[in-house]
Amino acid sequence: MPPAVQPNQENDMAITLTTGSTLSVAKSYEANLAFTAATNANPCELTVSGSTVAVGDYVEVNSGWGLLDKRIVRAGVGTTATKIVLEGIDTSSTAKYPVGAGAASGGVTYVRRIPPSTGWSQITQVRSISASGGQQQYADVTSIVDVVTRQVPTVRGAVEMTVDVFDDPSLTWYADVMKADDSRSPVAMLLTFPNGSKTVANAYWSLMRVPTMAQNEALMTQISLSYAAEPVRYAT
């Protein structure tokens, strides 16, 4: 009997088509909910009181930790009225997240919940979405004895997204994006892909108020986003 054919793992691919993807902007937030402690753990847990945040809700985190501040995060399993589990957020490194610095008293550190049923506005008539930036920056540390240039990584460049949409100011999302633009403050975005995976981020929004026009083509306008904090990706 011939040996069984083993699958070629290197050729197995998970391809996700763009068809069916959706983009949403946060149009409302609930009142600030203070947290008084943030654990150095994977995942990070916030200590709160009287929380209505439930598993699966998205929150904006305002923290004393710069790497966590302003990020949009999903509440994970284990979230209760006194604890919010930040799904996908690993703060176990005390070098990156100094002990005790993530939270403060007096409402200085807080989360803002985005209501799951009323807090998001889906942007319709999207033609294309493109991203740019995010490239790794380097510092030159070449010494006089080196014969090859040496570089060490520093920060990454700003990440920007450009969304081309068919123009229609009567659509509900148009006013919501305009509000985000006028606020000049970070507003959450949610990208949902056909395979169920999601990307959330806080971003500065800008809406082109005058549409572009070309002969025999539909009116188009453009939404630009610049990430205010590191995005978070969820597999489901």
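This structure is a prediction, so every number in the text was calculated from the model and none was measured.

What counts and how
Residues numbered from 1 in each chain as written. Predicted model: local features only at pLDDT ≥ 70, side-chain atom pairs only at ≥ 80, totals over all residues. Heavy atoms only, no water. Pairing = 2+ DSSP bridges. Helix = DSSP H or I, 4+ residues; strand = E, 2+ residues; numbered from the N terminus. Phe/Tyr/Trp six-rings, centres within 6.5 Å; stacked < 30°, edge-to-face > 60°. Buried < 20%, exposed > 50% of the residue type's maximum accessible area, 1.4 Å probe, protein only. Lys, Arg positive; Asp, Glu negative; His and termini not counted. Salt bridge = Lys/Arg side-chain N within 4 Å of Asp/Glu carboxyl O. Contact = heavy atoms within 4.5 Å.

Student: What exactly am I supposed to notice about the sheet that holds strand β4 (residues 44-47) here?
Tutor: Whether parallel or antiparallel, the strands of a sheet pair through hydrogen bonds between backbone atoms. Read from one edge of the open sheet, three strands run β3-β4-β7, paired in antiparallel fashion. Lying at the two open borders of the sheet, with one neighbouring strand each, are β3 (37-38) and β7 (83-86). Pairing geometry for β4 and β7, over four bridges, is antiparallel. Following the sheet pairing, Leu 46 is matched in β7 by Ile 84.

Student: I tried to follow the sheet that holds strand β6 (residues 71-74) on my own but got confused; where do I start?
Tutor: Strand order in the open sheet formed by four strands is β2-β8-β5-β6, with antiparallel pairing between adjacent strands. The open sheet has two edge strands, β2 (33-34) and β6, and neither has a second partner.

Student: Honestly, the packing of aromatic side chains in this entry has me stumped. Any pointers?
Tutor: Any aromatic ring pair is given by two values, namely how distant the centres are and how the planes are angled relative to each other. By the definition in use, this model includes three aromatic pairs. Their ring planes at 90° and their centres at 6.1 Å tell us that Tyr 58 and Trp 120 sit as a pair that is edge-to-face. Of this pair, Tyr 58 sits in strand β5 (residues 58-62) while Trp 120 sits in strand β9 (residues 120-123); the two residues are 62 residues apart in sequence, bridging distant segments of the chain. With relative accessibility at 8%, the residue Tyr 58 sits in the buried group. Using a relative accessible area of 16% as the deciding quantity, one classes Trp 120 as buried. Measuring from ring centre to ring centre gives 5.8 Å for Trp 173 and Tyr 174, while their planes differ by 45°; the resulting arrangement is tilted.

Student: Got a minute to help me understand the side chain of Arg 71 in this structure?
Tutor: Along the chain, Arg 71 turns up in strand β6. Although Arg 71 lies buried, it forms no salt bridge, and the closest oppositely charged side chain, Glu 230, sits 5.6 Å away as judged by the N-O distance. Each residue touching Arg 71, except ones within four places of it in the same chain, is listed here: Val 59, Glu 60, Val 61, Ile 89, Ala 229, Glu 230, Pro 231 and Val 232.

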